[in-house]
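# Descriptive structure summary
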Amino acid sequence: TKEQLQEALNTAAAGDIIALGADLVVNETLAVPAGADVVLDLNGHTLSGAFSNQGVSALITNSGNLTIVNGKVVSLAEYPDVDWGEEGFPTYATNTISNKGNLVIGAGAVVENETNVGGASYAVDNYAGATLTVEAGAQIIAKDCAIRMFSNSATAENKVVINGGTITGKRAIWIQLPSSNAAVAPLTTLIINGGELNSTSDLTIYSYSYGNSFANTNVTITGGIFEKDVAFGGGYKGDQETVVITGGTFNGKLG
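The present account deals with the structure reproduced in this document. Residue positions are given per chain, counted from 1 along the sequence in the order it is written. For this predicted model, a pLDDT threshold of at least 70 governs which residues receive local features, and a threshold of 80 or more governs which side-chain atom pairs are given and counted, while totals over whole chains, interfaces and linings are taken from all residues. Where side-chain values are given, they derive from all heavy atoms of the structure, hydrogens and water being excluded.

### Structural notes on a nonpolar patch on the surface
Spelled out, the test is: Here the term patch refers to residues with relative accessible area over 30% and no salt bridge, with like charges joined within 9 Å and nonpolar side chains (Val, Leu, Ile, Met, Phe, Trp, Tyr) within 5 Å. To be clear on the numbers: accessible area is Shrake-Rupley with a 1.4 Å probe, and residue cover counts the displayed protein chains and nothing else. Any Lys or Arg side-chain nitrogen located within 4 Å of an Asp or Glu carboxyl oxygen qualifies as a salt bridge. For the purposes of this entry, the term helix denotes a DSSP run of H or I that reaches at least four residues, the term strand denotes a run of E that reaches at least two, and both are numbered from the N terminus.
A cluster of nonpolar side chains, contributed by V243, I245 and L254, occupies part of the molecular surface with about 210 Å² of accessible area. Along the chain, I245 turns up in strand β25 (residues 242–245).

### Description of the sheet that holds strand β5 (residues 46–51)
Where strands meet in a sheet, backbone hydrogen bonds hold them as pairs that are either parallel or antiparallel. To keep it simple, the criterion reads: For two strands to pair, DSSP has to find at least two bridges joining them.
Pairing is parallel in the open sheet, where 9 strands are placed in the order β2-β5-β8-β11-β14-β17-β20-β23-β26. Two strands bound the open sheet, and with one partner strand each, they are β2 (24–26) and β26 (249–250). The pairing of strand β20 (residues 196–199) with strand β23 (residues 225–226) spans 2 bridges and is classified as parallel. Paired with E196 across the strands is I225, a residue of β23.

### A short note on the nonpolar core
Note that soluble globular proteins tend to have their nonpolar side chains buried in a common cluster. Put simply, the rule is: In plain words, nonpolar cores are sets of buried Ala, Val, Leu, Ile, Met, Phe, Trp, Tyr and Cys residues tied together by side-chain atoms within 4.5 Å. Each residue gets one of three labels from its accessible area relative to the maximum for its type: buried under 20%, exposed over 50%, partly exposed in between, using a 1.4 Å probe on protein chains only. In what follows, a contact means two residues having at least one pair of non-hydrogen atoms within 4.5 Å.
Grouped together as the largest cluster of nonpolar side chains are 52 residues, with contacts concentrated most on L47, I60, I68, I105 and I173. At 4 residues, the largest contribution of residues to this core is made by strand β18 (residues 171–177). Residues within four places of L47 in sequence aside, it is in contact with L5, L20, L24, V26, L30, L40, L42, L59, I60, K72, V73 and V74.

### What to know about unusual backbone geometry
With a phi angle near 60 degrees, N43 is a residue other than glycine that sits in the positive phi range. Within the element layout of this structure, N43 appears in the loop between β4 (37–41) and β5. The class of N43 is partly exposed, set by a relative accessible area of 41%. If you check the backbone angles, N70 has positive phi at about 60 degrees while not being a glycine. Topologically, N70 is positioned in the loop between β7 (65–69) and β8 (71–77). The class of N70 is partly exposed, set by a relative accessible area of 35%.

This is the structure in structure tokens:
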């Protein structure tokens, strides 16, 4: 049950493995507390949830050290905030995983967001102070952005490392600097060593600032396959990202 899984997460000791014995549907957020150090072995099963509230939602909120392997984590939000109009901007996100700690998506794991009516709906929403690592054999899938890097701190690093796996969405990865204050340069690190990044639209990777400086945004690409365009420097035109590319296959434009 959801209660049993939450209790196991609350009491897990370092190095513990929690294994599912069957598919599990939950209607409330599962929280991995700060200080937890746990492997969630889905054991070939699916952990899923649908959310009907008109507000922020996440199937899992991770504030600890969480590794997910060998199964599927999937969520659906019935009422995402779709306010992407000319004067509008979504005020809440509807995520499969909201990551505020250290999250590893390991071999055999699939993380998917099935919300299909637009809005700010992400498979993994990675926040300032958090690290996301994607390993070979993993999949991250969303109708909107598969991975959003929400970078809004000049002192707490938002870090994503892609070592392998497949990432697919309208944007595979979106680097978002949300503030209009050009005096703030959020600490943002994206490292891609392998894997395949796909876009169902036009841009595989996209970075955009609403006014923050890109001076502390660093992108390093040593490998990987990029099926469509990779675009940096969107929005604010002051200090730009530092981008170092020493490998990779780019099947679209890069610039």
